[in-house]
Amino acid sequence: MANDFVSVIKPTANGGEAGSGETVRGGSIPVLPVRDTVLFPHAVLPLTVGRESSIQLIQSLGEEKTILVVAQRDARQDAPEVADLHQVGTRATVHKVVKMPNQSLFVFTEGNERVRLGEFTQTAPFMTAQWEAIAEPQPEQTPELEALQRNVVSQFQQIVTSSPTLSDDLQTIAINIEEPGRLADFIAASLPFLTTLDKQELLETPDVLARLERITKHLAKELEVQQLRNKIQSEVQDSVQQSQRDYYLREQLKAIQKELGDLDDTQKDVSELKEKIEAAGMPEEVKKDALKELGRLSRMNPAAADYSLTRNYVEWLAVLPWSKTSSGEVDILKAKQTLDEDHYGLKKVKERILDYLSVRRLKPDMKGPILCFVGPPGVGKTSLGRSIAKALGRKFSRISLGGMHDEAEIRGHRRTYIGALPGQIIQHLKRVEVKDPVFMLDEIDKLGRDFRGDPASALLETLDPEQNNTFRDNYLDQPFDLSKVLFICTANQLDTIPGPLLDRMEIIDLTGYTEEEKVNIATRYLIPRQTKENGITPEQIEVPLESVHLIARHYTREAGVRKLEQQIGTVCRKVARRIAEGETGKVVVTPELVREFLGGIKVRVDTELATRTKRAGVAVGLAWTPAGGDVLFIEANRMKGKGNFTITGQIGDVMKESMQAALTWVRSNAGRMRLEEDFTKDTDLHIHVPAGAIPKDGPSAGVTMATALVSLLTNTPVHPLTAMTGEITLSGNVLPVGGIKEKFLAAKRAGVRDVILPTECRQQVEEDLTPEQTEGVTIHYADRIEDVLAVALPRTALEAVQDEVVREEITHATV
C-alpha cells in the first residue's frame, strides 16, 4: 500500500534525462504498485508501504536504489497483477526508508523520468519489469508557448491565493521554473483536486504543449468552481449578518418599548390570550397546559415557522366555551306552545321532547339524550330540531354528515399536519359559544367510510353519554365535556347505520302525512311562507282548501311536504307575475287556475287503482320504502303452455319465494275454489310487479300475489279500491309484517277505501294511527288467506256490478 502526502518538484536549472530526446532502455528493476498516487518526474514523494510484497521489494534494494513507481488501475486491489497496472509509470530513486511502529515503511522517493513498462521478468515475491524511457522533446520557444506558460502560471497563482490548503511557496517555485514540461509536471503534482486518472493522463502525455493545454483546462475549471464557492459563501455570510443585525435591532426596539411603557404586537397577543385563558373557566389541567403553551409562544420569534401554529392552538383553547351555558330554567307550557306553533301533528315526538324538558327542569345536571328522528324526506326532521332549540332557549347548529368519509372531520387532525384544524364538533362549539347547544347531526345514515377512516366509529364516543364527558379532539388533545349537548340525529332509514351507533340513540319515527295533514300544513305554514318569499301580501292571494286538496292529491306523491311546497311556490310565482303585469284585486287560486298554472293532473293513483283492477289478475299491495309507504300493483296472466311459472319485475329472492308459496297454496286448494286440480298442466303463469326498473324484495306481498292468482284463475276482478299486505304460509296463514303506519298512510293517499291487514298488526294500528288518520278507510283483519279473498273478491254478481259502477264514478270524477 502506498499513499501520497506531499510532492515537491525540485527546481533544477537543467532538463536532466527527460529532456535529452534520446530513447533509453533499461534492464529489469523492481516495480512498486501504488494506490491513488501518481509520481511525476523531478517530484519528491513520501510513500507509506504496507503490503508484504512491497516491504520485501524495499528491503531487497542494495546500492542501486532505483524502482519503477506505477499507479494501479483499481485502488481496491490488494494484490494487483500485471494487468491491474498502468503501462506508463515513473522511474524513481529511493532516498530514505523509515521503519514505522506498525511494521510499515515510510519511503522517500524522487521521480526521474517517464517510462513505459516492458516485459515483466518476475511476479513473486514482488514484480520486476524491463522499461523504456519516454522521450520528451523540448518545444521551440514561440510566442504561443510563452503565452500558454504565462497563463498557466497566472491561473495557478490565483488558485493558490484563494485556496486555504495550498502553501504560498508554491507560487514562488512555479515562477522560477523556466522549462514548460517541468512546470506542467510541478503544477499537476501540486493540485489536490486532480483525480488519479487526470494525473495519469498528464503523465502519459509526453508532448509538452498538449500537457500545458490540459493543465490550462483543469485550472480554468477549478477557478470557476472557486468563484462559485466564494459567491455562495459570500451570500450566506451576508444573510447571516443580516439576520444577526435584525435580531440586534429587534432586541433594541423591545428594550426601548419597555422603557417607554409600550408593548409590541406579540406581547399584546400574549397578554390578550392570557386574559382569555383566565376568563375561559377551563379545568385546571387544561389551563396548566394552555399557560405552558402560552409561555412557549412568548419566548418564540414571531418570524419562526411554529409561531402561528402555536398561537392558533392557544387561541382555540382560549375561545372554547368551557363553562358558558345557555339561559336557565325552561317553561314547559311555553315550550309546548312553541312546538305546536312550528309543527302540525307529530304528537309522539312532541311528547318525548316535553318529557325530556320536564326531567331537565327537575334535574338540571342531567346528561343530554341522543335522539334520532327517522322518517322519509320532507316530513320536518331538520326543522323540528330548530324548534326544539327554540323551545329550550338554546343555540342551534346543524352538522351535515351526508357523504362524510374522513374520521378527522369528527375528531380533527393532529397538530403535526400542515393546516390542521379541530373536528366539526369543536368547530361548531366555538361558533355557538356555549357548552350546551342543540346539535343536529343531519343524514347520519349517509356516512361513508374509506381508507381515511370510519366517521361512524368516531361518533361512537361523541354520542355516548357515558363517554362524551371526556371527548378528546385530536387537535386539542384535551378532554372536553359534551354531556350537556343535546344531540339530535336524522336519518331516512336505519339499515345503513352500524349497530353499536344505533344502540346509543333513541329512535323516534316520523312517518308520512295524510292528505288532511298535508292540507293543514300547507294552510298554516307553506302558503304563508311561499307568499312572503315571492313578495305577495295576504290581501293579494287566496288559496281555497279545494285547490290545496287538488295540489296535494294530484300533483304530489310523497310522504312529506317538500314537493307540495314546491308546487305551491310555483303557483305563487305565477300569481306574482300576474300582479307584476298589472292585475289588481285579490287573485283566487281556483282548481281551474291550479290546472292552468301547474298543467294537467300529474298523479292519478285512485284512477289508476280503479282502471288497473278492472281486469282479473291484478291486485294492489302495500310496500314500505325509505321515502315512505307506497302502493304496489301485482299483475298475473295466463297463456297456453306446459305449466311454466315466470316471475319478472326485478324481484328479490324473498319475494320470489313468496310467489312460489302463493302458487303452491292456490294449487293445493284448487278444488275449494272450483278450479281443476291440474289447471297448470296446459297453462303457463306469469307474475309481474311494475315498475320493472325498481328493485323490490320482502315477504309482505304474499297475500297480494295469492289474491292476484285466484282473481286470474277464477276470472274475478278485485274490488277497485282495496289494498292489502301480509306474509303467506304454505298452509294459508297470514303472518304480520312491519311498516304498517307508512303502508296505511300510502293507501289513504292513493284513495284506498278498504285495507286488509294481518290480525296480529291490530296493536300497531291502535298505537300508531290516530282516528283522524283512519277516518274514511275500513280496516279488515285476516288470519288466513280465505279471509283476504272474502274481502278482496266480489262474492256475488251484484257486488261485481257495484264495483263497475264505482270504477266508472272514479274515472269520470277525475277526468
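Above this text is the structure in question.
Presented here is a report on the structure given in the accompanying data block. Note that the structure is predicted; figures quoted are calculated from it, not measured.

1. Details of the overall build of the chain
Turning to step 1, where the next piece is worked out: A tally of regular secondary structure across the chain gives 28 helices and 25 strands.
Turning to step 2, where the next piece is worked out: Whereas a compact globule of 815 residues would reach a radius of gyration of roughly 28 Å, the chain reaches 51 Å, over 25% beyond that.
Turning to step 3, where the next piece is worked out: Counting only C-alpha atoms and orienting by the principal axes, one finds that the chain spans roughly 145 × 90 × 60 Å.
Turning to step 4, where the next piece is worked out: Contacts in the chain between residues far apart in sequence, at least 24 positions, make up 75% of those at least 6 positions apart.
Turning to step 5, where the next piece is worked out: Counting every atom, the chain has about 40600 Å² of accessible surface; 50% of that belongs to carbon and sulfur.
Turning to step 6, where the next piece is worked out: Looking at the chain, you have 100 positive and 119 negative side-chain charges, and the mean spots of the two groups are 5 Å apart.

2. Let's talk about the pattern of salt bridges
Turning to step 1, where the next piece is worked out: One pass over the full model with this rule turns up 27 salt bridges.
Turning to step 2, where the next piece is worked out: In this structure, Glu596 and Arg578 form a salt bridge, with 3.0 Å as the shortest nitrogen-oxygen distance. Note that Glu596 is positioned in helix 20 (residues 591-598) and Arg578 in helix 19 (residues 562-580), a separation of 18 residues in sequence.
Turning to step 3, where the next piece is worked out: Of the residues examined, Arg578 reaches a relative accessible area of 22% and is grouped as partly exposed.
Turning to step 4, where the next piece is worked out: Look at the salt bridges and you will find they share partners, linking Arg114, Glu136, Asp185 and Arg211 into a network.

3. Focus on the nonpolar core
Across soluble globular proteins, nonpolar side chains have a tendency to be buried as a group.
Turning to step 1, where the next piece is worked out: In terms of nonpolar packing, the biggest core is built from 52 residues, with Leu357, Phe373 and Ile388 touching the most fellow members.
Turning to step 2, where the next piece is worked out: It is helix 17 (residues 515-533) that provides the largest number of residues to this core, a total of six residues.

4. Quick word on the packing of aromatic side chains
Turning to step 1, where the next piece is worked out: Counted according to the given criterion, the structure contains five aromatic pairs.
Turning to step 2, where the next piece is worked out: Between Phe156 and Phe186 the ring centres are 6.2 Å apart and the planes differ by 75°, which places this aromatic pair in the edge-to-face class. Placement of the pair is Phe156 in helix 2 (residues 143-162) and Phe186 in helix 4 (residues 180-190), with a sequence separation of 30 residues.
Turning to step 3, where the next piece is worked out: Look at Phe156 and you get buried, because its relative accessible area is 0%.
Turning to step 4, where the next piece is worked out: If you follow Lys430 out to its NZ or CZ, it ends over the ring of Trp316, 4.3 Å from the centre.

5. Comments concerning the sheet that holds strand 8 (residues 370-374)
Turning to step 1, where the next piece is worked out: Reading across the sheet, the five strands line up as 9-10-13-8-14 and stay open at both edges, with parallel pairing between neighbours. Looking along the sheet, the strands with just one partner apiece sit at the ends: strand 9 (396-400) and strand 14 (506-509). Each strand of the sheet is rotated relative to its neighbour by a mean of 25°, with strand direction disregarded.
Turning to step 2, where the next piece is worked out: Two strands pair when backbone bridges link them, and strand 9 and strand 10 (residues 438-442) are joined in this way by five bridges, in the parallel orientation. Bridge pairing in strand 10 places Ser400 opposite Asp442.
Turning to step 3, where the next piece is worked out: Against the sheet, helix 12 (residues 381-392) engages strand 8, strand 9, strand 10 and strand 13 (486-491), with an angle of about 175° to strand 10.

6. A short note on the pairing of strand 5 (residues 88-99)
Turning to step 1, where the next piece is worked out: As defined by bridge partners, strand 4 (residues 66-71) adjoins strand 5 across four bridges and the pair is classed as antiparallel. Each residue of the ladder has a partner; that of Val69, found in strand 5, is Thr90.
Turning to step 2, where the next piece is worked out: Bridging between strand 5 and strand 6 (residues 105-122) involves 11 bridges; their strand directions are antiparallel. Within strand 6, the residue paired with Thr90 across the bridge is Arg114.
Turning to step 3, where the next piece is worked out: Hairpin connection between strand 5 and strand 6: a loop of five residues separates the two successive antiparallel strands, and Gln103 in this loop has a positive phi of roughly 75°.

7. Description of the packing of helix 23 (residues 702-714) against helix 27 (residues 785-792)
Turning to step 1, where the next piece is worked out: Interhelical geometry of helix 23 versus helix 27 gives an angle of 60° and a closest axis separation of 10 Å. Accordingly, the angle class assigned to the pair helix 23 and helix 27 is oblique. For the pair helix 23 and helix 27, the sense of crossing is right-handed. Contact residues: helix 23 offers Val703, Ala706, Thr707 and Val710, while helix 27 offers Ile785, Val788, Leu789 and Ala792.
Turning to step 2, where the next piece is worked out: Here the residues of the contact of helix 23 with helix 27 sort into seven nonpolar, one polar and no charged.

8. So, a negative patch on the surface
Turning to step 1, where the next piece is worked out: Side chains of Glu676, Glu677, Asp678 and Asp682 sit close together on the surface and give a patch of like negative charge.
Turning to step 2, where the next piece is worked out: Along the chain, the position of Glu677 falls in the loop between helix 22 (653-668) and strand 20 (683-688).
Turning to step 3, where the next piece is worked out: Residue classification places Glu677 among the exposed positions, given a relative accessible area of 58%.

9. Points about the side chain of Thr66
Turning to step 1, where the next piece is worked out: Structurally, Thr66 is set in strand 4.
Turning to step 2, where the next piece is worked out: By relative accessible area, Thr66 is classed as buried at 10%.

10. A look at unusual backbone geometry
Turning to step 1, where the next piece is worked out: Here the bond from Ala124 into Pro125 is cis, since omega is -5°, no more than 30 degrees from zero.
Turning to step 2, where the next piece is worked out: Considering the arrangement of structural elements, one finds Pro125 in the loop between strand 6 and strand 7 (128-133).
Turning to step 3, where the next piece is worked out: At Glu433, a position not held by glycine, the phi torsion is positive, near 65°.
Turning to step 4, where the next piece is worked out: For Glu433, the location among the structural elements is in the loop between helix 14 (424-432) and strand 10.
Turning to step 5, where the next piece is worked out: The backbone phi angle of Glu443 is positive, close to 55°, even though this residue is not glycine.
Turning to step 6, where the next piece is worked out: Note on placement: Glu443 falls in the loop between strand 10 and helix 15 (455-462).
Turning to step 7, where the next piece is worked out: Judged by its relative accessible area of 24%, Glu443 is partly exposed.

11. Here's the deal with helix 15
Turning to step 1, where the next piece is worked out: For helix 15, the buried fraction is high: six of the eight residues fall into the buried class.
Turning to step 2, where the next piece is worked out: Inspection of helix 15 places Pro455, Ala456, Ala458, Leu459, Glu461 and Thr462 among the buried residues, and these make up the whole buried set.
Turning to step 3, where the next piece is worked out: Those residues of helix 15 hidden inside the fold are in contact with helix 13 (408-411), helix 14, strand 10, strand 11 (471-472), strand 13 and helix 16 (499-503).

12. Observations regarding the packing of helix 17 against helix 19
Turning to step 1, where the next piece is worked out: As a packed pair, helix 17 and helix 19 sit with axes 10 Å apart at the nearest point and diverge in direction by 45°. As judged from the angle between their axes, helix 17 and helix 19 are oblique. In this structure, the crossing between helix 17 and helix 19 has a hand that is right-handed. In this structure, helix 17 contributes Lys518, Ala522, Leu526, Ile527, Arg529, Gln530 and Thr531 to the contact, and helix 19 contributes Leu564, Glu565, Ile568, Gly569 and Cys572.
Turning to step 2, where the next piece is worked out: Partitioned by chemical class, the residues of the contact of helix 17 with helix 19 number six nonpolar, three polar and three charged.

13. Notes on helix 24 (residues 740-749)
Residues separated by three or four positions in an α-helix point in the same direction, a consequence of the helix having 3.6 residues per turn.
Turning to step 1, where the next piece is worked out: In terms of burial, helix 24 is a largely internal element, 10 of the 10 residues being buried.
Turning to step 2, where the next piece is worked out: Backbone geometry just after helix 24 places Gly751 at a positive phi near 90°.

14. Some thoughts on the environment of Ala623
Turning to step 1, where the next piece is worked out: When you line up the elements, Ala623 lands in strand 17 (residues 618-625).
Turning to step 2, where the next piece is worked out: With a relative accessible area of 18%, Ala623 lands in the buried category.
Turning to step 3, where the next piece is worked out: Along the backbone, Ala623 and Glu583 are 40 residues apart, and their C-alpha atoms lie at a distance of 47 Å.
Turning to step 4, where the next piece is worked out: When residues no more than four places from it in sequence are discounted, the contact partners of Ala623 are Gly629, Asp630, Leu632 and Lys743.

The rules behind the values
- Residues numbered from 1 in each chain as written.
- Predicted model: local features only at pLDDT ≥ 70, side-chain atom pairs only at ≥ 80, totals over all residues.
- Heavy atoms only, no water.
- Helix = DSSP H or I, 4+ residues; strand = E, 2+ residues; numbered from the N terminus.
- Rg over C-alpha atoms; globule rule 2.2 N^0.38 Å.
- Contact = heavy atoms within 4.5 Å.
- Areas by Shrake-Rupley, 256 points an atom, 1.4 Å probe, with all protein chains shown as cover.
- Lys, Arg positive; Asp, Glu negative; His and termini not counted.
- Charge placed at Lys NZ, Arg CZ, Asp CG, Glu CD.
- Salt bridge = Lys/Arg side-chain N within 4 Å of Asp/Glu carboxyl O.
- Buried < 20%, exposed > 50% of the residue type's maximum accessible area, 1.4 Å probe, protein only.
- Core = buried A, V, L, I, M, F, W, Y, C linked by side-chain atoms within 4.5 Å.
- Phe/Tyr/Trp six-rings, centres within 6.5 Å; stacked < 30°, edge-to-face > 60°.
- Lys NZ or Arg CZ within 6 Å of the ring centre and 35° of its normal.
- Pairing = 2+ DSSP bridges.
- Axes fitted to C-alpha atoms, helices over the stretch in contact; angles between N-to-C directions.
- Parallel < 35°, antiparallel > 145°, perpendicular 65-115°, else oblique.
- Left-handed = near helix turned anticlockwise from the far one by under 90°.
- Nonpolar A, V, L, I, M, F, W, Y, C, P; charged D, E, K, R; others polar.
- Patch = residues over 30% accessible without salt bridge, like charges linked within 9 Å, V, L, I, M, F, W, Y side chains within 5 Å.

Nothing here speaks to function; it is geometry throughout.
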